[in-house]
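# An overview of the molecular structure
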Amino acid sequence: MAESWDGNHDPGSPSEESYHLERMHIEPIYDAFICPLTKQVMQDPVTLENGMTFEREAIEKWFKECRDSGRKPVCPLTHRDLKSTELNPSIALRNTIEEWNARNEAAQIDMARRSLSMGSGEGDIMQALKFVQHLCQKSRANKHVIRNAELIPMIVDMLKTSSRRVRCKALETLLVVVEDDDDNKEIMAEGDNVRTIVKFLSNEQSKEREAAISLLYELSKSENLCGKIGSVNGAILILVGMASSKSENLVTVEKAENTLENLEKCEINVKQMAENGRLQPLLTLLLEGSSETKLSMAVFLGELVLNNDVKVLVARTVGSSLISIMKHGNMSSREAALKSLNQISSDESSAKILIEAGILPPLVKDLFFVGANQLPMKLKEVSATILANIVNTGYDFDSVPVGSEHQTLVSEDIVHNFLHLISNTGPAIECKLLQVLFGLTSSPTTVFNVVSAIKSSAATISLVQFIEAPQKDLRVASIKLLRNLSPHMGQELARCLRGTSGQLGSLIKVISENIGITEEQAAAVGLLADLPERDRGLTRQMLDEGAFQLAISRIVSIRQGETRGSRFVMPYLEGLVKVLSRITFVLNDEPDAVALCREQNVAALFIELLQTNGLDNVQMVSAMALENLSQESKNLTKLPELPKPGFCVSIFPCLSKPPVITGLCKVHRGTCSLRDTFCLLEGQAVDKLVALLDHTNEKVVEASLAAVCTLLDDGVDIEQGIHELCEAEGIKPILLVLLEKRTETLRRRAVWAVERLLRTEDIAYEVSGDPNVSTALVDAFQHGDYRTRQIAERALKHVDRIPNFSGVFPNTS
């Protein structure tokens with residue numbers, strides 16, 4: 001006996017082999033079946049002239065080695081010379097061996113069937129699986145035998161055992177069984193078999209994963225099975241993950257990639273791949289497929305949710321093709337192309353690619369065209385959405401022609417068409433077109449063209465009316481657009497809001513909604529904040545509408561931490577502070593404004609807001625408001641009533657002594673308080689304003705210096721104001737502002753303040769020894785505007801750099 005049941009000859013273990021043969025009732029292997037050279041059962045036995053029999057391939061190799069070494073051919077067993085190397089087929093022996101093999105294999109298959117049962121031991125199952133592998137590798141025809149013996153379902157059942165070794169060997173065996181055999185692959189596709197194999201792709205054991213992916217790759221070579229594999233829930237997602245894995249070995253990654261490439265034969269799989277981030281196959285079909293396939297892929301692409309990186313890939317790969325379909329396709333194709341373009345245009349980078357590919361002219365044409373082939377309104381809405389996405393990229397739209405006469409998006413007639421559509425379509429498209437204008441007005445290079453077109457079309461009132469629209473998206477879009485317009489059309493917008501239509505009240509209502517802080521609220525308060533602050537009529541109406549009380553309550557709420565967690569909190573707070581500051585610009589004309597500021601202690605609130613670190617605009621506006629309030633202090637302070645002089649004093653004035661009155665404000669010379677007269681000294685605001693003089697934001701420094709300068713203004717005790725600044729250590733920071741010369745406004749303000757400070761002899765003496773200050777004043781004297789030069793000249797006289805008799809300019813106070 002010379003061969004075990006699994007086909008491997010092992011003459012060194014006859015007892016074990018006899019054990020297996022005895023168990024399987026296999027006929028013994030006769031010595032005549034064994035090739036003396038290979039020690040294996042012969043398949044093509046041949047006989048030499050001396051009667052010795054060998055495997056044909058083995059003896060031919062022996063003779064070749066004799067020739068190559070220059071020796072005469074000899075018998076490998078007897079080592080005697082041979083007269084002839086002629087090989088005579090041993091047909092009878094071959095037939096006998098084949099009959100023996102057939103009986104032996106039939107017995108082995110029968111034993112394998114019994115071993116491949118769930119009750120068998122692991123060793124028997126492993127031997128059976130090895131036998132099946134050997135049998136299939138021995139002859140491709142044996143795969144037919146395995147199929148007819150119905151062993152394939154039994155091997156599949158082995159995938160459900162608890163033995164890891166058995167499961168792995170079963171996967172390997174199935175690969176051998178189905179390799180290059182479509183019939184066996186079809187059997188594998190039956191029932192739940194494919195799903196069972198897919199489950200192994202998520203197995204923690206790498207050997208089982210590798211065996212499963214190899215088997216799945218082989219199955220995927222059958223086009224009939226591609227749909228079956230793709231239909232298994234999660235299969236394509238797992239394969240995509242394996243193909244892009246950095247931790248799997250390279251063979252596994254390559255097999256996963258190859259499997260996916262095979263699965264691309266099925267369109268439904270291509271769509272699943274796209275859903276799971278593998279978009280290139282879909283894009284390839286969109287470019288190269290049939291008309292029906294292109295339409296199907298375009299429709300599906302329009303329904304996908306894509307991340308921004310993928311949007312850029314799509315725009316680069318098929319952007320031009322989609323634009324071409326949008327221009328020349330039938331209505332179904334145009335709809336699919338528009339929806340796909342809508343998807344990819346929402347990313348700034350991909351939108352710019354579409355602009356370069358020429359999307360704007362057909363997009364604008366679709367919006368404006370009226371005729372037999374015009375887009376239905378629902379698709380015009382998609383076109384408007386794409387355009388809204390594109391204009392928010394910040395691209396230079398003044399340089400991109402969109403019309404036959406080289407008009408651009410901001411040409412007057414194009415903007416007029418947008419405004420006409422806004423007034424004559426439904427809320428959905430109106431909203432998108434308002435977003436288009438918002439995007440165009442967000443760029444400093446195009447805002448002026450849009451503003452000019454709006455003015456020439458007298459459309460301001462129409463745009464303002466959308467503030468009262470019942471649809472929230474429409475309101476938000478209009479308010480955001482109006483806010484962009486307000487720096488350039490402030491008076492027109494204020495005039496419209498002052499009317500009796502109720503838009504101002506609607507804006508205030510939006511701001512007052514107690515539903516957290518929304519984009520709509522931030523935009524509404526920003527719009528009000530940007531309107532001309534000195535428009536007394538608008539401020540008066542805002543007083544009547546309760547806007548300032550609302551602003552105060554919301555600012556306090558935010559300061560106390562009652563409102564938080566929204567990305568719109570900071571712009572909302574900045575807008576509220578600016579809205580509240582409006583009231584300080586009309587104090588001189590509106591007694592009700594003064595009364596409100598007193599009642600709500602507005603000055604104290606602005607002093608608190610000075611310390612809102614990180615919000616430059618809040619600090620700047622608060623300082624500006626404090627300047628206005630402090631300017632009013634000298635008008636509001638209560639001057640003391642002096643007692644009338646007695647009879648003797650009226651006759652002999654020399655006998656009089658000035659009455660001593662305590663508790664008066666040193667700067668304003670009367671009775672002051674923060675609440676009633678808005679006095680900065682009483683509010684201890686001077687040191688806080690001085691602290692802002694070294695702020696990195698020039699606007700904050702300008703506003704803070706302006707507020708500080710109210711202590712040095714005409715109508716107050718300048719000497720006492722200087723004294724208070726000395727106490728707050730504010731002299732040096734003011735001088736540093738002069739030296740830094742960051743902006744012309746700062747220099748003008750600083751020169752004015754320094755001239756006032758130099759009226760004090762001690763300060764003038766100290767400053768005269770500082771060449772830097774003198775140089776800065778000389779520079780202002782030489783290069784400043786007319787007013788600055790006048791003030792610089794007076795300052796230079798204080799430090800004796802210009803003699804008093806050499807006045808170049810008339811002395812004005």
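Here goes a summary of the coordinates provided. Quick caveat, the model's predicted, so the values are computed rather than measured.

## Concerning the overall build of the protein
The secondary structure content of the protein amounts to 44 helices and 3 strands. The C-alpha radius of gyration of the protein comes to 47 Å, more than 25% above the 28 Å expected for a compact globule of 813 residues. Principal axes of the C-alpha set define a box for the protein whose edges measure 170 × 70 × 55 Å. Here the protein holds 813 residues, and the buried ones make up 51% of them. Of all intrachain contacts in the protein linking residues separated by at least 6 positions in sequence, the fraction that spans at least 24 positions is 65%.

## A look at the packing of aromatic side chains
For the structure on display, the rule yields 4 aromatic pairs. Ring geometry for Tyr30 against Phe33: centres 5.5 Å apart, planes inclined by 80 degrees, an arrangement best described as edge-to-face. Tyr30 sits in the partly exposed class, given a relative accessible area of 47%. Arranged with centres 5.7 Å apart and planes meeting at 50 degrees, the rings of Tyr395 and Phe397 form a pair that is tilted. Each member of the pair Tyr395 and Phe397 is classed as buried. Members of the aromatic cluster, joined through ring pairs, are Tyr30, Phe33 and Trp100. Sitting over the ring of Trp62, Arg71 keeps its end group 6.0 Å from the ring centre. Across from the ring centre of Phe438, 4.6 Å away, lies the NZ or CZ of Lys480, which sits over that ring.

## Digging into helix α27 (residues 503–512)
Counting buried positions over the 10 residues of α27 gives 7, a clear majority of the element. Turning to α27, its buried residues are Gln503, Leu504, Ser506, Leu507, Ile508, Val510 and Ile511. On its buried face, α27 is in contact with α25 (460–465), α26 (472–497), α28 (519–530), α29 (536–545), α30 (547–559) and α31 (569–581).

## Section: the pattern of salt bridges
With the rule as written, the count across this model stands at 38 salt bridges. Between Glu348 and Lys352 there is a salt bridge, with its nearest N and O atoms 3.4 Å apart. One end of the pair is Glu348 and the other is Lys352, both in helix α19 (residues 348–356) and 4 residues apart, which spans about a single turn. Glu348 sits in the partly exposed class, given a relative accessible area of 43%. Residues joined in a network through salt bridges with shared partners are Arg536, Arg540, Asp544, Glu590 and Asp592.

## Overview of the nonpolar core
If you look at the biggest cluster of nonpolar residues, it comprises 194 residues, and the most contacted ones within it are Leu301, Ile359, Leu360 and Leu409. Counting residues per element, this core draws most heavily on α26, at 11 residues. If sequence neighbours within four positions are ignored, Leu301 has contacts with Leu279, Leu282, Leu286, Leu306, Val314, Val318, Leu322, Ser340 and Gln343. With 57 residues, the next largest nonpolar core counts Ala149, Met158, Met188 and Met273 among its residues.

## Side note on unusual backbone geometry
The backbone of Ala458 sits at a positive phi, close to 55 degrees, despite the residue not being glycine. For Ala458, the position within the fold is in the loop between α24 (447–457) and α25. Residue classification places Ala458 among the exposed residues on the basis of a relative accessible area of 62%. One non-glycine residue, Asn601, lies in the positive phi region at around 50 degrees.

## Topic: the sheet that holds strand β2 (residues 53–55)
Pairing is antiparallel across the open sheet formed by 3 strands, whose spatial order is β2-β1-β3. Two strands lie at the open edges of the sheet, namely β2 and β3 (88–89), each paired on one side alone. Here strand β1 (residues 45–47) pairs with β3 via 2 bridges, running antiparallel. For Thr47, the partnering residue across the bridge sits in β3 and is Asn88. Strands in contact with helix α2 (residues 56–68) are β1, β2 and β3; relative to β2, the strand with the most contacts, it is inclined by about 95 degrees.

## As for the packing of helix α38 (residues 698–709) against helix α41 (residues 744–757)
Where α38 contacts α41, the axes come no closer than 10 Å and their chain directions differ by 25 degrees. Here α38 is positioned roughly parallel relative to α41, judged by the angle of their axes. As α38 packs across α41, the resulting crossing turns out to be left-handed. From α38, Glu698, Val701, Glu702, Leu705, Ala706 and Cys709 reach across to α41, where they touch Thr745, Leu746, Arg749, Ala750, Trp752 and Ala753. Of the residues that constitute the contact of α38 with α41, the class distribution is 8 nonpolar, 1 polar and 3 charged.

Definitions and limits used
- Residues numbered from 1 in each chain as written.
- Predicted model: local features only at pLDDT ≥ 70, side-chain atom pairs only at ≥ 80, totals over all residues.
- Heavy atoms only, no water.
- Helix = DSSP H or I, 4+ residues; strand = E, 2+ residues; numbered from the N terminus.
- Rg over C-alpha atoms; globule rule 2.2 N^0.38 Å.
- Buried < 20%, exposed > 50% of the residue type's maximum accessible area, 1.4 Å probe, protein only.
- Contact = heavy atoms within 4.5 Å.
- Phe/Tyr/Trp six-rings, centres within 6.5 Å; stacked < 30°, edge-to-face > 60°.
- Lys NZ or Arg CZ within 6 Å of the ring centre and 35° of its normal.
- Salt bridge = Lys/Arg side-chain N within 4 Å of Asp/Glu carboxyl O.
- Core = buried A, V, L, I, M, F, W, Y, C linked by side-chain atoms within 4.5 Å.
- Pairing = 2+ DSSP bridges.
- Axes fitted to C-alpha atoms, helices over the stretch in contact; angles between N-to-C directions.
- Parallel < 35°, antiparallel > 145°, perpendicular 65-115°, else oblique.
- Left-handed = near helix turned anticlockwise from the far one by under 90°.
- Nonpolar A, V, L, I, M, F, W, Y, C, P; charged D, E, K, R; others polar.

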